[in-house]
Amino acid sequence: MNKTEILGRWTKEKSEELYGIKNWGSTYFSISDEGEVLVNPYSDKKSAVSLMDIVSGVKDRGLDMPVLLRFENLLDSQITYLNESFAKAMKSLDYKGTYRGVYPIKVNQQQQVVEEVTKFGQKYHHGLEVGSKPELIAALSHIKDKESCLICNGYKDEEFIDLGLYATKMGFNCFFVIEMPNELDIILERSKILNIKPNIGVRIKLSAKAGGHWTDSGGDRSIFGLNMSQIIEIVDELKEKGMLDSLKLLHYHLGSQIPNIRDIRNAVLEAARVYAELVNEGAAMGYLDLGGGLAIDYDGSSTNYTNSRNYTVEEYCMDVVEAVMRVMDQRDTPHPVIITESGRALVAYYSILLFNVLDVAIFEEYEIPEKLDESLPEQIRNLYEVNKSINHKNIQECYNDALYYRDEIKDMFKHGRISLRDRSFSEKIFWNTIHQIAKAKKKLKFAPPELEDIESAIADIYYCNFSVFQSIPDSWAIDQLFPVMPIHRLLELPKRNAVIADITCDCDGKIDRFIDLHDERSTLPLHELKKEEYYLGIFLVGAYQETLGDLHNLFGDTNVISVRINKDGSFELIKEIQGDSVEDVLSYVEFDVKQMRANFRETAEEAIREGLMTPSDRKEIMLSFDNGLRGYTYYER
Ligand SMILES: *Cc1c(COP(=O)(O)O)cnc(C)c1O
């Protein structure tokens, strides 16, 4: 750190680079001249809104952190972007078919999201994809546009099929996608009984496989979909029944967040070939559904790393359209309507989780004396010697020795051979040693691999008011990285290196891997805590995080606020959904709150009988019990 930085010459450009916001933020997030994070759904600067202004709006309304903000404009923009990119690709390649997107409800099932997708999607006839009966019911209660597609995947029972058939009768473009060979019979049976002709699709297993987290959906061994011989059986059965004109769609889903465009292209080529063959077999066809997989660049590196992607949305569209066209033109097959089921790409930007920092633990460098008391135990003196001998050539050795002596000292303490005071002194020497080693490591070109994580061992722990398990379950479950950064003070040098701990006090309730342009980092630079609140944001959390979250330690849903940004830069908080109260989450795990209250009142009454308190004390105590029940599950200031 040089002097000019200490003097406050830290700039917003430095913050932009440090937190990578220009790389992962698309055109939507940036830093203002005041050092605050801006949200900007339109490309013009005028409409940008500072997250800090929204925080004060939220506070004025009496809502506490943590809060999940949903920006409807960002959803609108992403729908527009995807549809316009396909339109542009089709126009430039002279593709004869059209594009129809469908939003898979499972990616974010909140009513508001489904509502907004159908509303903003209408101008592009953007439809919905459902994978279960409840999702179909949700879709049918929101979809109005009969030119959009309604794709039914997943296991389908009689009720599911009947509902889909009625939707078809009402004029919706509803497709049953057969994932298991036995489904065809029941679909045909119900359609005969209800006298409604079904639109049928088949889901194939491709041999193409993709890299990334979620790749098990693709490949020969994938759980879902039909292999080629099963598809031929279906064709034969339909042919026999004179119903090949019902077979209209071919679908596959390779998996989500596919980082490499080559994998996407290979899959499209393979599926397009199967499609052309089905046309050849006499099936009506007309629709080629490429599933999801369009990835988000969470770390901003534009690489084929799992948290990134090595292509843009425009490149994705061009590649897909070009590949489909190439296969169709070889066979003189008419260009199909291309469907994609992009979920993540539509909603990831949409939501931001904001929270405050409650406290910080600092692992100090501790001063140690110039000379050691000769009467101290040998192990402590050995540890001290290690400390004094550190140079840049022996840090690996010193590190091993320091750990060795620390463990010996712990052991001696266990057996009563050193005092608490001596042990405490030895810990100071130990932490000083680790700090010295970390400093020496910085000067090395190639650091020993064992010392890779030494920075996180001495990093501060910032205790933050949210739950990883509730709000970013994929961070815990599959090690997904999300961009995390302060939303203000970005003209100030962030002097601390931190890891983040949530308030579950669970050792898994933490974030200790952060995005980095070239790799990952184990600590996040943050500002020192001052008197005023310090706010952090976790970005790109709109996809898959909301309904996977669990009630670990009974932390419930956070407050949710929907924001609409107007073109003139003003904003409205159009909808507030209060997070779970303590009472809510207790009832989710089947506590009977009335009974609990009665029990507690009884306990208090007993305390009166024992003379420990007065009846008016009981009144106060019951009041605070009730306040607790009604309160937010998170830390309230
Ligand atoms: C989950 C899923 C999707 C969504 O994939 P994204 O990568 O989020 O776009 C699409 N189709 C099917 C069948 C799915 O299971």
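Thresholds, definitions, all that
- Residues numbered from 1 in each chain as written.
- Predicted model: local features only at pLDDT ≥ 70, side-chain atom pairs only at ≥ 80, totals over all residues.
- Heavy atoms only, no water.
- UniProt positions renumbered as here; feature names shortened; annotations may be inferred.
- Near = heavy atom within 4 Å.
- Polar contact = N/O pair within 3.5 Å; in protein donor to acceptor, adjacent residues only side chain to side chain.
- Nonpolar A, V, L, I, M, F, W, Y, C, P; charged D, E, K, R; others polar.
- Helix = DSSP H or I, 4+ residues; strand = E, 2+ residues; numbered from the N terminus.
- Axes fitted to C-alpha atoms, helices over the stretch in contact; angles between N-to-C directions.
- Parallel < 35°, antiparallel > 145°, perpendicular 65-115°, else oblique.
- Left-handed = near helix turned anticlockwise from the far one by under 90°.
- Contact = heavy atoms within 4.5 Å.
- Core = buried A, V, L, I, M, F, W, Y, C linked by side-chain atoms within 4.5 Å.
- Buried < 20%, exposed > 50% of the residue type's maximum accessible area, 1.4 Å probe, protein only.
- Pairing = 2+ DSSP bridges.
- Salt bridge = Lys/Arg side-chain N within 4 Å of Asp/Glu carboxyl O.
- Disulfide = S-S within 2.5 Å.
- Domains from an automatic or database assignment.
- pLDDT = per-residue confidence, 0-100.
- Arc of directions from axis to C-beta.
- Right-handed = clockwise from strand over helix to strand, strands pointing away.

As recorded in an unreviewed UniProt entry, the chain goes by the name Biosynthetic arginine decarboxylase, listed as coming from Petrocella atlantisensis. On record in UniProt, under Pathway (unreviewed entry), the comment for the chain is "Amine and polyamine biosynthesis; agmatine biosynthesis; agmatine from L-arginine: step 1/1." Quoted verbatim from the Catalytic activity (unreviewed entry) field of the UniProt record, the comment on the chain reads "L-arginine + H(+) = agmatine + CO2".

Peer 1: How should I be thinking about the site of the ligand in this particular structure?
Peer 2: The full set close to the ligand counts 17 residues, and K106, S256, E341, G343 and Y544 are the nearest of them. One of the backbone N or O atoms of G293 is found 2.9 Å from an oxygen atom in the ligand. Contact distances for the ligand include 2.6 Å between an oxygen atom and a side-chain N or O atom of Y544. For the shell around the ligand, the class distribution of residues is three nonpolar, nine polar and five charged.

Peer 1: Teacher, can you tell me more about the UniProt feature "domain: Arginine decarboxylase C-terminal helical" (unreviewed entry) in the chain here?
Peer 2: Annotation from UniProt places "domain: Arginine decarboxylase C-terminal helical" (unreviewed entry) at residues 582-635. End C-alpha atoms of residues 582-635 are separated by 12 Å, and the span's content is 74% helix alongside 0% strand.

Peer 1: Help me understand the packing of helix 14 (residues 378-388) against helix 16 (residues 420-442) in this model?
Peer 2: Two measures define how a pair of helices packs: the angle their axes make with one another and the distance between the axes. Between helix 14 and helix 16, the least distance of the axes is 9 Å, while the angle of their chain directions is 15 degrees. Classified by the angle their axes make, helix 14 and helix 16 are roughly parallel. Crossing hand, helix 14 versus helix 16: left-handed. Residues I380, L383, Y384, V386 and N387 of helix 14 pack against D422, F425, S426, I429, F430, N432 and T433 of helix 16. When grouped by side-chain class, the residues that make up the contact of helix 14 with helix 16 number seven nonpolar, four polar and one charged.

Peer 1: I would appreciate a short explanation of the packing of helix 5 (residues 72-93) against helix 6 (residues 111-121) in the present structure.
Peer 2: In the contact formed by helix 5 and helix 6, the axes pass within 10 Å of each other and the chain directions differ by 45 degrees. Taken together, the axes of helix 5 and helix 6 are oblique relative to one another. Taken as a pair, helix 5 and helix 6 cross one another with a handedness that is right-handed. Along its contact with helix 5, which presents E72, L75, D76 and I79, the element helix 6 presents V113, E116, V117, K119, F120 and G121. Classifying every residue of the contact of helix 5 with helix 6 by side-chain character gives five nonpolar, one polar and four charged.

Peer 1: Help me understand the nonpolar core in this model?
Peer 2: The tendency in soluble globular proteins is for nonpolar side chains to be buried side by side. If you look at the biggest cluster of nonpolar residues, it comprises 148 residues, and the most contacted ones within it are F29, L51, F71, L250, F466, I538 and F539. Those residues in contact with F29 that sit more than four places away from it in its chain are I21, W24, L38, V39, L74, Y349, I352, F539 and L540. Within the second largest apolar cluster, 25 residues are counted, among which are I380, V386, A438 and L451.

Peer 1: Explain the pairing of strand 16 (residues 496-501) to me, please; I cannot follow it from the model alone.
Peer 2: If a strand is regular, its side chains alternate between the two faces of the sheet. In this sheet, strand 16 lies alongside strand 14 (residues 460-464) in parallel orientation, the contact comprising four bridges. Pairing of Y463 across the sheet is with A501, part of strand 16. Judged from the two bridges that link them, strand 16 and strand 17 (residues 510-511) form a sheet pairing that is antiparallel. Each residue of the ladder has a partner; that of A501, found in strand 17, is K510.

Peer 1: Would you explain the pattern of salt bridges in this entry?
Peer 2: Opposite charge on two side chains allows them to pair when their charged atoms are near. The tally for this structure, following the rule as stated, stands at 38 salt bridges. The shortest N-O distance in the salt bridge between E16 and K22 comes to 3.4 Å. Judged by relative accessible area, which is 11%, E16 ranks as buried. With a relative accessible area of 59%, K22 lands in the exposed category.

Peer 1: Is there a simple way to explain the state of the cysteines in this structure?
Peer 2: A disulfide bridge is the covalent bond that connects two cysteines by way of their sulfur atoms. As enumerated under the stated definition, the model contains zero disulfides in all. With no disulfide of its own, C152 has C174 as its nearest cysteine by sulfur position, at a separation of 3.7 Å. Its relative accessible area of 0% is what places C152 among the buried residues.

Peer 1: Would you explain the domain arrangement of the chain in this entry?
Peer 2: Accessible area lost upon the coming together of the parts is a frequently used measure of interface size. According to the domain assignment, the chain contains domain 1 (95-343), domain 2 (378-455) and domain 3 (583-630). Distance from the C-alpha centre of domain 1 to the C-alpha centre of domain 3: 54 Å.

Peer 1: What is the right way to look at the UniProt feature "active site" (unreviewed entry) in the chain in this model?
Peer 2: Using the residue numbers shown here, the UniProt feature "active site" (unreviewed entry) corresponds to C505. Considering the arrangement of structural elements, one finds C505 in the loop between strand 16 and strand 17.

Peer 1: What exactly am I supposed to notice about the sheet that holds strand 9 (residues 200-203) here?
Peer 2: Two strands in a sheet stick together by hydrogen bonds in their backbones, pointing the same way (parallel) or opposite ways (antiparallel). Taken together, eight strands build a closed barrel; the order of strands is 5-6-7-8-9-10-11-12 and the barrel is parallel. The average undirected angle you get between the axes of adjacent strands in this sheet is 25 degrees. As defined by bridge partners, strand 9 adjoins strand 10 (residues 247-251) across four bridges and the pair is classed as parallel. Looking at strand 10, one finds that G201 is bridged to L249. In the packing of helix 5 onto the sheet, the strands contacted are strand 5 (99-104) and strand 12 (337-340), and the crossing angle to strand 5 comes to about 155 degrees.

Peer 1: Any chance you could explain the confidence of the model for the chain here in plain terms?
Peer 2: The predicted coordinates ought not to be read in detail in places where the model reports low pLDDT. Predicted confidence across the chain gives a mean pLDDT of 93, with 97% of residues reaching 70 or more. Confidence over residues 1-5 falls short of pLDDT 50; this stretch has six contacts with residues more than four positions distant or in other chains.

Peer 1: Could you clarify how one ought to interpret helix 14 in this entry?
Peer 2: Each α-helix turn comprises 3.6 residues. Residues three or four places apart therefore point the same way. Restricting attention to buried positions, one finds in helix 14 the residues Q379, I380, L383, Y384, V386 and N387. One side of helix 14 carries all its buried residues, which in axial view fall inside an arc of 155 degrees. Among the structural elements, helix 15 (395-414) and helix 16 are those in contact with the buried residues of helix 14.

Peer 1: Sorry, what's going on with the environment of L493 here?
Peer 2: Mapped onto the fold, L493 is located in the loop between strand 15 (484-486) and strand 16. The buried category is assigned to L493, whose relative accessible area is 15%. As a C-alpha pair, L493 and T11 span 482 residues in sequence and 8.1 Å in three-dimensional space.

Peer 1: Explanation requested: the pairing of strand 9 in the structure shown.
Peer 2: Residues I200 and V202 line one face of strand 9 and the alternating positions G201 and R203 line the opposite face, and both faces are buried. One ladder, built from three bridges, connects strand 8 (residues 173-178) with strand 9; its direction is parallel. Across the sheet, the residue bridging to F176 is I200, located in strand 9. Each parallel crossover has a hand, and for strand 8 linked through helix 9 (residues 183-194) to strand 9 it is right-handed.

Peer 1: Honestly, the side chain of E341 in this entry has me stumped. Any pointers?
Peer 2: Looking at the secondary structure, you find E341 in the loop between strand 12 and helix 13 (344-347). In terms of polar contacts, E341 uses its side chain to reach the side chain of N153, at 3.5 Å. For E341, the contacting residues outside a window of four places in its chain are V102, P104, E129, I151, N153, H251, D289, G291 and G292.

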